[in-house]
Every structure is written in C-alpha cells, then in structure tokens.
Amino acid sequence: MNIKELYQEIILEHGKNPRNLRKTENFNKEAIGKNPLCGDNVHIFLKLDENKKVEDISFEGSGCAISMASASIMTDLIKGKEEIEVKEIVNDFLGMIKENPDLKSKNLKEDEKTKLMCLSGVKQYPMRVKCATLSWHTLISAIDNTQEEINTEPDHHAPDHPPQRCAEADHRRPLRPLAPPRDQDVLAAERGRRGLR
Ligand code: ZN
C-alpha cells in the first residue's frame, strides 16, 4: 500500500465512522460552521477545564466524507491538549493545507501528524480545501467565543432570501390554478417582449 492509498483509507474510515460525533455534556464553548458550496455543516462542542485544557470535544453535523473525516480526526487529536497548543496545531494544519509541504508543530506526535497529512491531498482542489478546513475554522470560533457562524461563502449568504425559500416558491407556483390571460396581460407581455417597458 503506498502513502496515497493509506491516506485515502484513513479518510474513508473516519468518514464512515466519525469519532466524537455526539454532543458534549456541559460544554462551555460552541460554534457552528457551514460550507454551502458542498452542503457541509458542523456544530462544535468544547469543554475546557479550569486550566484551559480540552476536557472534551465533540461535533454534530453532516457533509461529505472529507468534511466529516476532518472533523473526526481533529476532535480525536485535540482532546487533552491545552488551548494554546490547540491554536498552534490549527495554524499548523491550515498552513499545511494551504501551502506548507508538511506539519511543523511540536505539539503533535508522529502518528498524529500522519493522520493530519491524510488531508493534504485536498491541496490542489480549492473546493475541497473548504470541506477540510471548515471544522478547524469553527473550532477557533468556538475557542475565541466569537458567537459568529463560520460560513465559507459569506458573500453568497443572503439571510433575507434563503435559496430553499425560492425553490419552494417556484415549486408551489404550478399548483395554483392558472387564470386565463387577460387582454391587458397579453398586451403587457407583448410590450415587454419588444423591450418597450
Ligand atoms: Zn464537503
């Protein structure tokens, strides 16, 4: 088995059986993240103890195998680490996914680095980078208590006009009885077509 196959195997395994897919009891930090382009969503629950050490971390959500595997691997290796270490690991991971050839963090053991390097294959696919980094950005939002929902596509997000409402309206339209066009409507349509309106 070559390294690519090994990486693929680990991702598939985590995607199929995500670790920590549950809600932490008595969590004291949380954040929500969304990647509308792929339909990934994640809700991170974090419990830091009095020494700012991660006592527990879990997530709920759904999405593609990459996003689920990434959240699963992340929660797995963040547990038990101190907040300051967590931030350093997140930065290291995001740096690796974006440009660095490997991980530099001294807070990661070799086997933990291998697990994170599994996700390095997404580098050449910008869309997949969003899937892989969603839970990591969401984790930072939870730690910093920004109360801000992470959205990989903030510009596409129009709260007054959610896409499903449009789709629903379109869907409902044919169910209404269609009134026969009145002369005025026909004339208006005619005018519109000729660009007079
Ligand atoms: Zn995805």
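See the structure above.
Enquirer: Would you explain the packing of aromatic side chains in this entry?
Expert: The relative placement of two aromatic rings is captured by the distance of their centres and the angle of their planes. Tallied over the full model, the rule gives two aromatic pairs. Pairing Phe93 with Trp136 gives two aromatic rings, centres 4.0 Å apart and planes at 15°, and the pair type is stacked. Taken together, the positions of Phe93 in helix H3 (residues 83-98) and Trp136 in helix H5 (residues 126-143) put the pair 43 residues apart, joining distant regions of the chain. Trp136 matches Phe93 in its accessibility class, with the two residues each being buried.

Enquirer: Help me understand helix H4 (residues 110-117) in this model?
Expert: Because an α-helix packs 3.6 residues into every turn, residues spaced three or four apart end up facing the same way. Every buried residue belonging to H4 is among Glu112, Lys113, Leu116 and Met117, and all of these are buried. For H4, the angular spread of buried residues about the axis comes to 135°, placing them on one side. Buried residues along H4 sit in contact with helix H1 (3-16), helix H2 (65-78), H3 and H5.

Enquirer: Can you help me understand the packing of H1 against H2 in this one?
Expert: Angle between the axes and distance between the axes: these two values describe a pair of packed helices. Put simply, H1 and H2 touch, their axes get as near as 8 Å, and they point 90° apart. Judged by the angle between their axes, H1 and H2 are roughly perpendicular. Contacts between H1 and H2 involve Ile10, Ile11, His14 and Gly15 on the former and, on the latter, Ala65, Ile66, Met68, Ala69, Ser72, Ile73 and Asp76. Along the lines of polarity and charge, the residues of the contact of H1 with H2 split into seven nonpolar, three polar and one charged.

Criteria and cut-off values
Residues numbered from 1 in each chain as written. Predicted model: local features only at pLDDT ≥ 70, side-chain atom pairs only at ≥ 80, totals over all residues. Heavy atoms only, no water. Phe/Tyr/Trp six-rings, centres within 6.5 Å; stacked < 30°, edge-to-face > 60°. Helix = DSSP H or I, 4+ residues; strand = E, 2+ residues; numbered from the N terminus. Buried < 20%, exposed > 50% of the residue type's maximum accessible area, 1.4 Å probe, protein only. Arc of directions from axis to C-beta. Contact = heavy atoms within 4.5 Å. Axes fitted to C-alpha atoms, helices over the stretch in contact; angles between N-to-C directions. Parallel < 35°, antiparallel > 145°, perpendicular 65-115°, else oblique. Nonpolar A, V, L, I, M, F, W, Y, C, P; charged D, E, K, R; others polar.

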